[in-house]
Structures are given as C-alpha cells and as structure tokens.
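# Structural features, examined
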Amino acid sequence: MSSDDVTLDGGPVDADEIGRIGLFLDLGEKERSAIAALCRKRSFSAGETIISSVGADHDVYFMLEGSADVVNHTLIGDALELDRLGAGAYFGELSALDGGPRSAEVRAIEDCLVAAMAPSDFRNILAEYPSVLVLVLHNLAVMIRHSNLTVLQHATI
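Presented here is an overview of the structure given in this document. (Residues numbered from 1 in each chain as written. Predicted model: local features only at pLDDT ≥ 70, side-chain atom pairs only at ≥ 80, totals over all residues. Heavy atoms only, no water.)

### With respect to the overall build of the protein
From N to C terminus, the protein includes five helices and eight strands. Along its sequence from the N terminus, the protein presents helices and strands in the succession α-α-β-β-β-β-β-β-α-β-β-α-α. For the protein, the spread of C-alpha atoms along the three principal axes comes to 50 × 35 × 25 Å. Buried residues in the protein amount to 40% of all 157 residues. Within the protein, contacts between residues at least 6 apart in sequence are counted, and of these 75% link residues at least 24 apart. (Helix = DSSP H or I, 4+ residues; strand = E, 2+ residues; numbered from the N terminus. Buried < 20%, exposed > 50% of the residue type's maximum accessible area, 1.4 Å probe, protein only. Contact = heavy atoms within 4.5 Å.)

### What to know about the pairing of strand S7 (residues 105-108)
Bridging between strand S2 (residues 49-51) and S7 involves two bridges; their strand directions are antiparallel. Each residue of the ladder has a partner; that of Ile-51, found in S7, is Val-106. Pairing geometry for strand S4 (residues 68-73) and S7, over four bridges, is antiparallel. Residue pairing in the sheet places Ala-68 in a bridge with Ala-108 of S7. (Pairing = 2+ DSSP bridges.)

### Structural notes on the pattern of salt bridges
A complete count under the given rule lists seven salt bridges for this structure. Note that Glu-81 and Arg-84 form a salt bridge whose closest N and O atoms lie 3.9 Å from each other. Residue Arg-84 is classed as partly exposed on the basis of its relative accessible area, which comes to 49%. Connected via shared salt-bridge partners are Asp-69, Glu-81 and Arg-84. (Salt bridge = Lys/Arg side-chain N within 4 Å of Asp/Glu carboxyl O.)

### Here we look at the sheet that holds S7
Strand order in this open sheet of four strands is S2-S7-S4-S5, and the pairing throughout is antiparallel. Of all strands in the sheet, those with a lone pairing partner are S2 and strand S5 (79-85), marking the two edges. Adjacent strand axes in the sheet meet at a mean angle of 35° when their direction is disregarded. (Axes fitted to C-alpha atoms, helices over the stretch in contact; angles between N-to-C directions.)

### Some details on helix H4 (residues 119-128)
Buried within H4 are the following residues: Pro-119, Asp-121, Phe-122, Ile-125 and Leu-126. With its buried residues spanning 160° around the axis, H4 presents them on a single face. (Arc of directions from axis to C-beta.)

### Points about the packing of aromatic side chains
Under the defined criterion, the tally for this structure stands at two aromatic pairs. On the basis of an interplanar angle of 15° and a centroid distance of 5.5 Å, the ring pair of Tyr-61 and Phe-91 is categorised as stacked. You can see Tyr-61 sitting in strand S3 (residues 60-65) and its partner Phe-91 sitting in strand S6 (residues 90-91), a full 30 residues away along the chain. Phe-91 shares its class with Tyr-61; the two are buried. (Phe/Tyr/Trp six-rings, centres within 6.5 Å; stacked < 30°, edge-to-face > 60°.)

### Here's the deal with the pairing of strand S8 (residues 112-117)
Most of S8 is tucked away, with six of its six residues classed as buried. Residues of S8 alternate between two faces, with Cys-112, Val-114 and Ala-116 on one and Leu-113, Ala-115 and Met-117 on the opposite face, all of them buried. Relative to S8, strand S1 (residues 39-44) is paired through six bridges, and the arrangement is antiparallel. Within S8, the position partnered with Arg-42 by the bridge is Val-114. With five bridges joining them, S3 and S8 adopt antiparallel strand pairing. In the sheet register, Tyr-61 faces S8, and the bridge partner there is Ala-116.

Next comes the structure, spelled out in structure tokens:
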C-alpha cells in the first residue's frame, strides 16, 4: 500500500483511533497500524463543510470525534437531511470508488476530528482486507434500499 502525497493537518492517526471505526473493528493491531499510516487528521469547526457536493475532493473520511449531517438539496434549494454521522462512522466512499462527483454534502454540527484517506489507498484497503470490503458492500446495499424506498414514497405522493 502506498499513500498519496498529502499534508498533515492535525497530526498522524494511530491504530487505536482507526480501531474505533466500525469498518476496522475486526482487524488486528498490525492491520490497523498499516491503515492508520495511510490517513491524515483534519479538523472541522461546527458549521463547516467537510464534503462539498461541488468540490473536487474524493477522499474517504473516518469520524474520530464529533458529529456531522449528510445533506442534499432539492431542485428548489431545500435542504434534506439524509443521515447524521457520529464517531466511528465513515463517509465519502462513493466518490472514492468511482471517481465521480460527491452525491451529498457533509456538514459538521459540532467540532469534528476526522481521518482522511486518499481514494487509491481506500481501494487498496478493500482489495487487501475482504472483511472491510464486505462491510462496505453491506452499507452500500443499505443505502440503495433506502434510496429506493425514498423514490417509491415520492412517486406515490
């Protein structure tokens, strides 16, 4: 595994911090250390945008501290809260997987500390650790089912 050239914002990430992320709970110390080495800490103040739907960033983020809302906007500009993320969550995987634009915005609702990982490193992690891949696939299936239900509800209104 090799990390893209990045600048540290809040210091290195350690194996214990990565071990508190749901995706990595089943991994050993050695594996968590290797994953932590690929991450860099970033901090966001309450109200600050972590992921912008118009940004060029494709990193995956792991929430170490704080909480954030996942928000999308209707055609007339109304904000729709899709999810609330807390410590242990991850987000940004869709863009990291396909290189496409962000599908939603993530905004800190309190001060947040996240571990950011480059898309190429995230894809390498999925290839190297099948248990992580299975969890990501499971979560993507849940997202698709939720989206289908939302479309159905709006189609029958």
